[in-house]
Amino acid sequence: MCLAVPGRVLEIGERDGTRMASVDFGGVVKEVCLEYLPDLRVGEYAVVHVGFALQRLDEESARRTLELFEELGMLQEEFGDPWERAAAEAGVQDGPSGAGPEAEGTAREARQR
Amino acid sequence: MKYIDEFQDPGLARRLLDDIRASVTRPWALMEVCGGQTHTIIRHGIDQLLPEGVELIHGPGCPVCVTPLEVIDKALAIAARPEVVFCSFGDMLRVPGTGKDLFRVRSEGGDVRVVYSPLDALRIARENPDRQVVFFGIGFETTAPPNAMTVYQARRLGIRNFSLLVSHVRVPPAIEAIMQSPSCRVQGFLAAGHVCSVMGTAEYPELADRHRVPVVVTGFEPLDILEGVRRAVRQLERGEHTVENAYPRAVRTEGNPAALAMIEDVFEVTDRAWRGIGTIPDSGWRLSERYREYDAEHRFPVSGIATREPEACRSGEVLQGLLKPHQCEAFGTACTPRTPLGATMVSSEGACAAYYLYRRLGTAPARSPQPAPQPPLEASPVV
């Protein structure tokens, strides 16, 4: 969770008075808050950390970093199913009481890649 | 130069290594602060490609690893309460507290949920007005702005059933503590790129000057690390100690002013205990007086919890760069990702996990292999 991941802005909107965007991380699309980079535009890339765009990034750097993170398995760590991972680490078959709605959503998004 | 072909630009990697080799006249010890950098270094065997005498020491830059046991135990106690929905990032699930972890709390009936962003926890609070939603707010300067914004939004929107269990830490005081340690061998720092994306570089010149250490802001790709090492070594050989930004594509000198303003509004600097290291003055943030009602520790009685650190775990020494993971007696035997004694083994950014994942087992025998996320192990340099 420490590592920020580059993503490309697909769409910008407002939710509850907050500037938000749909951002594509190599195939996984997440809602991202733009309050810290309010002038980010559709098509631009940014370093995103836990759902917040923190700094603009050029396209080539973003693509290279995404490829590296994919290779290192870091995208799966960031967007994969955390319960599945924790269960595997704990040496049990399934999550403790089934995956919650958030985890299911995350797993579904990860499979879109 | 073995295995250098796996770099994205092997030619450039070779040139950087040649340049480092040509400039080195004596041994140097550099610390990479961020756990993400540690993983890149171990995965690509960068430490083994460097000329003999140039040593990379792993720093304390893994937020999961440095969160103290007492805070984990508070999280476990709050998460077990029937009225609470406890929200956390996924990598906190298996961090051991005294006796159990959040994964176990959920199996015992606790409502523990994993979120991608702290704003997701705020949404859960809005959707469940009859529950108390608590978000586990750990992390370095990169995570502080998102968490600060979430508390700010809770206040702005009048959401009162939301609170933050805060254990934020700051990098510069940790660097200060490392430099003040009598056993410190660090002569230069590769500063954490994404921390500086938020904070900028203003905190470092005074520190670099006072301790006469070069500080090079460094990214996370293999070539970023080599460039960081090249610049730090060049400074050391010339007797210089300045702050350089080797990650300009994501770091501006001024950082992110909007994020800094939000941190300033929502948090205040406080002393903070680091797991395995102890309390470092001014090394953390807590909610400022204005936002104190959103502090989970004020909302729930969790003080006075008795904690018990596993005696065999030497993660504190690993976090300070005093010990390599495989030099710990428990490494790979009593302590594995399946049975972690400390957070450095459980966290995806922990140094012990990196050594285990990439089979840097030292003299310890390889135990049951853990699922390595597609690393071509046969192509990785191993000890």
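Here we summarise the structure given alongside this text. Here the structure is a predicted model, which is why all the values come from computation and not from measurement. (Residues numbered from 1 in each chain as written. Chains lettered and ligands numbered in written order. Predicted model: local features only at pLDDT ≥ 70, side-chain atom pairs only at ≥ 80, totals over all residues. Heavy atoms only, no water.)

1. A short note on the overall build of chain A
Then step 1. Looking only at helices and strands, chain A has four helices and five strands in total.
Then step 2. Along chain A, from the amino end to the carboxyl end, the secondary structure elements read β-β-β-β-β-α-α-α-α.
Then step 3. Relative to its full complement of 113 residues, chain A shows a buried share of 53%.
Then step 4. The long-range fraction of contacts in chain A, counting pairs at least 24 apart against all pairs at least 6 apart in sequence, stands at 40%. (Helix = DSSP H or I, 4+ residues; strand = E, 2+ residues; numbered from the N terminus. Buried < 20%, exposed > 50% of the residue type's maximum accessible area, 1.4 Å probe, protein only. Contact = heavy atoms within 4.5 Å.)

2. Focus: the packing of helix α1 (residues 10-23) of chain B against helix α12 (residues 222-238) of chain B
Residues and elements named next belong to chain B.
Then step 1. At a closest axis distance of 9 Å, the pairing of α1 and α12 adopts a crossing angle of 20 degrees. Classed by the angle they form, the pair α1 and α12 counts as roughly parallel. As α1 packs across α12, the resulting crossing turns out to be left-handed. Counted together, Leu12, Ala13, Leu16, Leu17, Asp19, Ile20 and Ser23 of α1 and Leu223, Leu226, Glu227, Val229, Arg230, Val233 and Glu237 of α12 form the full contact between these two elements. (Axes fitted to C-alpha atoms, helices over the stretch in contact; angles between N-to-C directions. Parallel < 35°, antiparallel > 145°, perpendicular 65-115°, else oblique. Left-handed = near helix turned anticlockwise from the far one by under 90°.)

3. Notes on unusual backbone geometry
Then step 1. The backbone of aspartate 16 of chain A shows a phi angle near 55 degrees, a positive value even though the residue is not glycine.
Then step 2. With respect to the helices and strands, aspartate 16 of chain A occurs in the loop between β1 (5-15) and β2 (18-25).
Then step 3. Of the residues examined, aspartate 16 of chain A reaches a relative accessible area of 39% and is grouped as partly exposed.
Then step 4. One non-glycine residue, aspartate 282 of chain B, lies in the positive phi region at around 55 degrees.
Then step 5. Relative to the helices and strands, aspartate 282 of chain B resides in strand β11 (residues 278-287).

4. Examining the packing of helix α8 (residues 144-157) of chain B against helix α13 (residues 257-266) of chain B
Residues and elements named next belong to chain B.
Then step 1. Interhelical geometry of α8 versus α13 gives an angle of 60 degrees and a closest axis separation of 9 Å. Taken together, α8 and α13 sit at an angle that is classed as oblique. You can see that α8 and α13 cross each other, and the crossing is left-handed. Residues Ala144, Pro145, Ala148, Met149, Val151 and Tyr152 of α8 touch α13, and the partners they reach there are Ala259, Met262, Ile263, Asp265 and Val266.
Then step 2. Residue composition of the contact of α8 with α13, by class: 10 nonpolar, no polar and one charged. (Nonpolar A, V, L, I, M, F, W, Y, C, P; charged D, E, K, R; others polar.)

5. Observations regarding the pattern of salt bridges
Then step 1. Taken as a whole, this structure holds 33 salt bridges over all chains when the rule is applied.
Then step 2. In this structure, arginine 63 of chain A and glutamate 59 of chain A form a salt bridge, with 2.6 Å as the shortest nitrogen-oxygen distance. Taken together, the residues span about one helical turn, with arginine 63 of chain A and glutamate 59 of chain A both in helix α1 (residues 59-71) at a distance of four residues.
Then step 3. Residue classification places arginine 63 of chain A among the partly exposed residues on the basis of a relative accessible area of 44%.
Then step 4. In this structure glutamate 59 of chain A comes out as partly exposed when scored by relative accessible area, which is 39%.
Then step 5. Of the charged contacts, one joins arginine 314 of chain B and glutamate 317 of chain B as a salt bridge, the two residues approaching to 2.9 Å between their closest N and O atoms.
Then step 6. Here the salt bridges do not stand alone but share partners, grouping Asp19, Glu227, Arg230, Arg231, Arg234 and Glu244 of chain B into one network. (Salt bridge = Lys/Arg side-chain N within 4 Å of Asp/Glu carboxyl O.)

6. Observations regarding the sheet that holds strand β10 (residues 267-274) of chain B
Hydrogen bonds between backbone atoms are what pair the strands of a sheet, whose relative direction is either parallel or antiparallel.
Residue and element names in this part refer to chain B.
Then step 1. Across the sheet, six strands lie side by side as β4-β3-β5-β6-β11-β10; this open sheet has mixed pairing. This sheet does not close on itself; its edge strands, each paired only once, are β4 (111-114) and β10. Taking the axes of each pair of neighbouring strands and ignoring which way they run, one obtains an average angle of 25 degrees across the sheet.
Then step 2. With respect to the sheet, helix α7 (residues 118-127) is in contact with β3 (84-88), β4, β5 (132-139) and β6 (162-169), its orientation differing from that of β5 by roughly 170 degrees. (Pairing = 2+ DSSP bridges.)

7. What to know about the nonpolar core
Residue and element names in this part refer to chain B.
Then step 1. Residues Phe86, Phe136, Phe162, Phe189 and Phe267 are the most contacted members of the largest nonpolar core, which totals 126 residues.
Then step 2. Looking at this core element by element, the count peaks at six residues for helix α5 (residues 69-79).
Then step 3. Per-domain counts for this core show at least three residues from each of domain 1 (4-63 + 171-245) and domain 2 (64-169 + 255-299).
Then step 4. Residues Leu49, Leu50, Ala246 and Cys335 belong to the second largest nonpolar core, which totals 40 residues. (Core = buried A, V, L, I, M, F, W, Y, C linked by side-chain atoms within 4.5 Å. Domains from an automatic or database assignment.)

8. Some details on the side chain of glutamine 235 of chain B
Then step 1. With respect to the element layout, glutamine 235 of chain B can be found in helix α12.
Then step 2. Polar side-chain contacts of glutamine 235 of chain B include one of 2.6 Å to the backbone nitrogen of threonine 242 of chain B. (Polar contact = N/O pair within 3.5 Å; in protein donor to acceptor, adjacent residues only side chain to side chain.)

9. What about the interface of chain B and chain A?
Then step 1. The interface of chain B with chain A comprises 58 residues on the first partner and 58 residues on the second.
Then step 2. Between chain B and chain A, the buried area comes to about 4,900 Å², and carbon and sulfur atoms account for 59% of it.
Then step 3. On the chain B side of the interface with chain A, the three residues burying the most area are Phe103, Arg106 and Tyr116 of chain B, jointly 17% of the side's total.
Then step 4. Seen at the junction of chain B and chain A, the total is two salt bridges.
Then step 5. At the boundary of chain B with chain A, the tally comes to 16 residue pairs in polar contact (both at pLDDT 80 or more).
Then step 6. With seven residues, the single largest contributor to the side of chain B that touches chain A is α8 of chain B.
Then step 7. Along the lines of polarity and charge, the residues of the side of chain B that touches chain A split into 27 nonpolar, 19 polar and 12 charged. (Buried area = accessible area lost by both parts, 1.4 Å probe.)

10. Concerning the sheet that holds strand β9 (residues 243-245) of chain B
Residues and elements named next belong to chain B.
Then step 1. Spatially, five strands are ordered β2-β1-β7-β8-β9 in an open sheet, and the strand pairing comes out parallel. Both edges of this open sheet fall to β2 (54-61) and β9, since each of them pairs with a single strand only. Taking the axes of each pair of neighbouring strands and ignoring which way they run, one obtains an average angle of 25 degrees across the sheet.
Then step 2. In this sheet, β9 lies alongside strand β8 (residues 215-218) in parallel orientation, the contact comprising three bridges. Note that in β9 the partner of valine 217 across the bridge is asparagine 245.
Then step 3. Of the strands in this sheet, β1 (28-34), β2, β7 (188-192) and β8 touch helix α2 (residues 35-43), which is tilted by about 120 degrees from β1.

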